[in-house]
Amino acid sequence: MSERSSDFDVIVLGAGVVGINTAYWNLRNGKSVCVIDRQPEAGLETSFANGGQVSVCHAEPWANPSAPLKVLKWLMRSDAPLLFRPRFDIHQWLWLAKFMVDCLPKRADRHTTEIVKLATESRSLIQRIRAEEGFHYDERTKGILHFYRDPREFEAAIPVAELMRRYGCNREVIDADRVVEIEPAFADKRDEIAGATYTAEDESGDALKFTQNLARVCENMGGVFHYSHQVTALAADRGMRKVNSVEVCGPGGYRTLRARDMIVSLGSWSAPFLRPYGVRLNIYPAKGYSATIPTNGSNLAPVTSLTDDEYKLVYSNLGDRLRVAGTAELSGYSRSLNRTRCQAIIDNVKKLFPRAGNFDAATFWTGLRPATPSNIPYVGRTRYRNLWLNTGHGTLGWTMGAGSGFRIADMIAAKEGPVIA
Ligand SMILES: Cc1cc2nc3c(=O)[nH]c(=O)nc-3n(C[C@H](O)[C@H](O)[C@H](O)COP(=O)(O)OP(=O)(O)OC[C@H]3O[C@@H](n4cnc5c(N)ncnc54)[C@H](O)[C@@H]3O)c2cc1C
């Protein structure tokens, strides 16, 4: 079945946190918008159970000058926070090669600056959406506290915090007493803490609730949603300069949809989807884990969003749940759960906050971060003049999604944007 030509101004492929923000800002610009996703609702893939942090303070990408040595050390450990499982996959190796190049100090500095800028804009836009649309998503505005047990790691964090302040992120260096003042759940662990950095302006919240609430707002604004529809193909014109339509397959069979502009926000699947059309994106899935622990009314769970530097875990208190997330495995597209990794998260939380909640009722999840080597997303135009990208947000899609959605909508409204792939 085929619908009429230019059914919409804009079609957004993908209804994760990035696609929904993209749809929202286009609707606000007065565009007619259609969103397509293979899942029955918005946010059911990588945006489902992430760490919850809106963290400008984590703008420094994984690819930084200290990474190569750390990654080499971690290669020997199966419980390493960043795990590389080599595969016969050229895309994995190309990603890794670019990652190494991006560890060069000048490149890492440039990428940090860009990410701080986008993440800061994005944090303000999340606040604006919250205020103007009036919905809640278990948000907390108590800042993010990044704590260190190892005095050497804490010492090393001080110049990084200084650098971040120069870039405009107010990452303050604090001692253990101040840590307990900010987060009383640390009272029994004060002696284990070497120090911390604290970014009071950062936030946390449930990215899934935000995405689904915003999707409802979009529907109320006239957005059309085709859920449970797989995007199967694009049809370009003969000169390969314009995409004429997108083919989708849903419960009623195949259909063709047309729009003046199309935006790809398919997360980790953006790269394989676009490859046959000559659009090459260096996005590779970085599998992460999360555990969600019911707090059962416990007032001994932390309420400030935390980052445990040693175990590379982040904590967000989502009302009646404590979300703890971390680890990154570069091992392809499998989302399988490794029970040892799940247990390792629970053991770490139990050691730190033994009465935080009901650990026996914890639920586990994995998601595939759409990682670029630099952690900078693709936001701009492809070689096809009406095919746009808003994808590749890696570790910070919840943080940067509102900002990049706003930017791409602006580019489409202005009918101009950089050709980036
Ligand atoms: C463990 C973990 C912890 C994290 N913690 C944080 C955090 O604390 N803060 C933060 O900012 N970020 C965090 N992230 C990163 C963040 O979750 C991601 O960057 C973000 O969810 C990516 O959103 P997206 O919309 O690009 O991708 P997705 O949410 O994956 O959305 C892509 C959508 O495209 C759809 N799709 C794909 N292919 C097709 C197709 N062919 N047809 C139809 N539909 C298709 C999928 O169904 C999906 O809904 C974390 C990630 C993980 C895994």
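What this report covers is the structure whose coordinates are included nearby. Bear in mind the structure is a predicted one, so any value in this text is a computation, not a measurement.

## Considerations on the overall build of the chain
For step 1, the next point in the chain: The helix and strand inventory of the chain stands at ten helices and 20 strands.
For step 2, the next point in the chain: Computed over C-alpha atoms, the radius of gyration of the chain comes to 21 Å, within 12% of the 22 Å expected from 2.2 N^0.38 for 421 residues, which places it in the range of a compact globule.
For step 3, the next point in the chain: With the C-alpha coordinates of the chain rotated into their principal frame, the extents come out at 65 × 45 × 40 Å.
For step 4, the next point in the chain: Looking at the chain residue by residue over its 421 residues, the buried ones come to 56%.

## Digging into the sheet that holds strand 1 (residues 8-13)
For step 1, the next point in the chain: Read across the sheet, six strands follow the order 9-2-1-13-20-19 without closing on themselves; strand pairing throughout is mixed. If you trace the sheet from one side to the other, it starts and ends with strand 9 (224-226) and strand 19 (378-381), each paired once. The average undirected angle you get between the axes of adjacent strands in this sheet is 20°.
For step 2, the next point in the chain: Contacts between helix 10 (residues 397-414) and the sheet are confined to strand 1, strand 13 (259-264), strand 19 and strand 20 (387-391), with strand 20 contributing the most and set at about 170° to the helix.

## Points about the packing of helix 1 (residues 17-28) against helix 10
For step 1, the next point in the chain: For the pair helix 1 and helix 10, interaxial distance at closest approach is 8 Å and the crossing angle is 35°. When the axes of helix 1 and helix 10 are compared, the crossing they make is right-handed. Facing helix 1, whose interface residues are Val17, Val18, Asn21, Thr22, Trp25 and Asn26, helix 10 presents Gly397, Trp398, Gly401, Ala402, Ser404, Gly405, Phe406, Ile408, Ala409 and Ile412.
For step 2, the next point in the chain: Of the residues that constitute the contact of helix 1 with helix 10, the class distribution is nine nonpolar, seven polar and no charged.

## A closer look at the sheet that holds strand 10 (residues 230-236)
For step 1, the next point in the chain: The antiparallel open sheet is built from three strands, whose spatial order is 10-11-12. Each of the sheet's edge strands pairs with one partner strand only, and the pair in question is strand 10 and strand 12 (253-257). Sheet twist, expressed as the average angle between the axes of neighbouring strands with direction ignored, equals 25°.
For step 2, the next point in the chain: One ladder, built from six bridges, connects strand 10 with strand 11 (residues 243-250); its direction is antiparallel.

## Let's talk about the site of the ligand
For step 1, the next point in the chain: Taken together, the neighbourhood of the ligand is formed by 35 residues, with Asp37, Ser47, Gln53, Val231 and Thr399 sitting nearest.
For step 2, the next point in the chain: Taking Gly52, its main chain carries an N or O atom lying 3.3 Å from an oxygen atom of the ligand.
For step 3, the next point in the chain: Separating a nitrogen atom of the ligand from a backbone N or O atom of Gln53 is a distance of 2.8 Å.
For step 4, the next point in the chain: The fraction of the free accessible surface of the ligand (1,000 Å²) that becomes covered by protein chains is 98%.
For step 5, the next point in the chain: Taken together, the residues that form the shell around the ligand break down as twelve nonpolar, 19 polar and four charged.

## A short note on the packing of helix 3 (residues 90-102) against helix 4 (residues 105-133)
For step 1, the next point in the chain: Look at helix 3 against helix 4: their axes get within 7 Å of each other, and the N-to-C directions meet at 95°. When the axes of helix 3 and helix 4 are compared, the pair comes out roughly perpendicular. Residues Lys98, Val101 and Asp102 of helix 3 form the contact with helix 4, whose own contacting residues are Arg107, Ala108 and His111.
For step 2, the next point in the chain: When its residues are assigned to classes, the contact of helix 3 with helix 4 shows two nonpolar, one polar and three charged.

## Here's the deal with helix 2 (residues 67-74)
For step 1, the next point in the chain: Of all the positions in helix 2, only Ala67, Val71 and Trp74 are classed as buried. Buried positions in helix 2, seen along its axis, are confined to an arc of 60° and lie on one side of it. In helix 2, those exposed residues whose orientation departs by more than 90 degrees from the buried face are Leu69, Leu72 and Lys73.
For step 2, the next point in the chain: Residues of helix 2 that are buried sit in contact with strand 4 (82-84) and helix 3.

## Section: the pairing of strand 12
For step 1, the next point in the chain: Alignment of strand 11 against strand 12, held across five bridges, turns out to be antiparallel. Bridging across to strand 12, Glu247 finds its partner in Thr256.
For step 2, the next point in the chain: Connecting strand 11 to the antiparallel partner strand 12 that follows it, the hairpin turn spans two residues.

## Details of unusual backbone geometry
For step 1, the next point in the chain: Phi angles above zero are rare outside glycine, and Asn375 is one such case at about 70°.
For step 2, the next point in the chain: Relative to the elements of secondary structure, Asn375 occurs in the loop between strand 18 (363-371) and strand 19.
For step 3, the next point in the chain: Despite not being glycine, Lys415 shows a phi value in the positive range, around 60°.
For step 4, the next point in the chain: By secondary structure assignment, the location of Lys415 is in the segment after helix 10.

## A look at the pairing of strand 14 (residues 284-294)
For step 1, the next point in the chain: A large share of strand 14 lies buried, amounting to ten of its eleven residues.
For step 2, the next point in the chain: Both strand 14 and strand 18 contribute to a ladder of nine bridges, which runs antiparallel. If you follow Pro285 over to strand 18, its bridge partner there is Pro370.
For step 3, the next point in the chain: Direction of pairing for strand 14 relative to strand 17 (residues 321-330): antiparallel, over a ladder of seven bridges. In the strand pairing of strand 17, Lys287 is matched with Glu329.

Definitions and cut-offs
- Residues numbered from 1 in each chain as written.
- Predicted model: local features only at pLDDT ≥ 70, side-chain atom pairs only at ≥ 80, totals over all residues.
- Heavy atoms only, no water.
- Helix = DSSP H or I, 4+ residues; strand = E, 2+ residues; numbered from the N terminus.
- Rg over C-alpha atoms; globule rule 2.2 N^0.38 Å.
- Buried < 20%, exposed > 50% of the residue type's maximum accessible area, 1.4 Å probe, protein only.
- Pairing = 2+ DSSP bridges.
- Axes fitted to C-alpha atoms, helices over the stretch in contact; angles between N-to-C directions.
- Contact = heavy atoms within 4.5 Å.
- Left-handed = near helix turned anticlockwise from the far one by under 90°.
- Nonpolar A, V, L, I, M, F, W, Y, C, P; charged D, E, K, R; others polar.
- Near = heavy atom within 4 Å.
- Polar contact = N/O pair within 3.5 Å; in protein donor to acceptor, adjacent residues only side chain to side chain.
- Areas by Shrake-Rupley, 256 points an atom, 1.4 Å probe, with all protein chains shown as cover.
- Parallel < 35°, antiparallel > 145°, perpendicular 65-115°, else oblique.
- Arc of directions from axis to C-beta.

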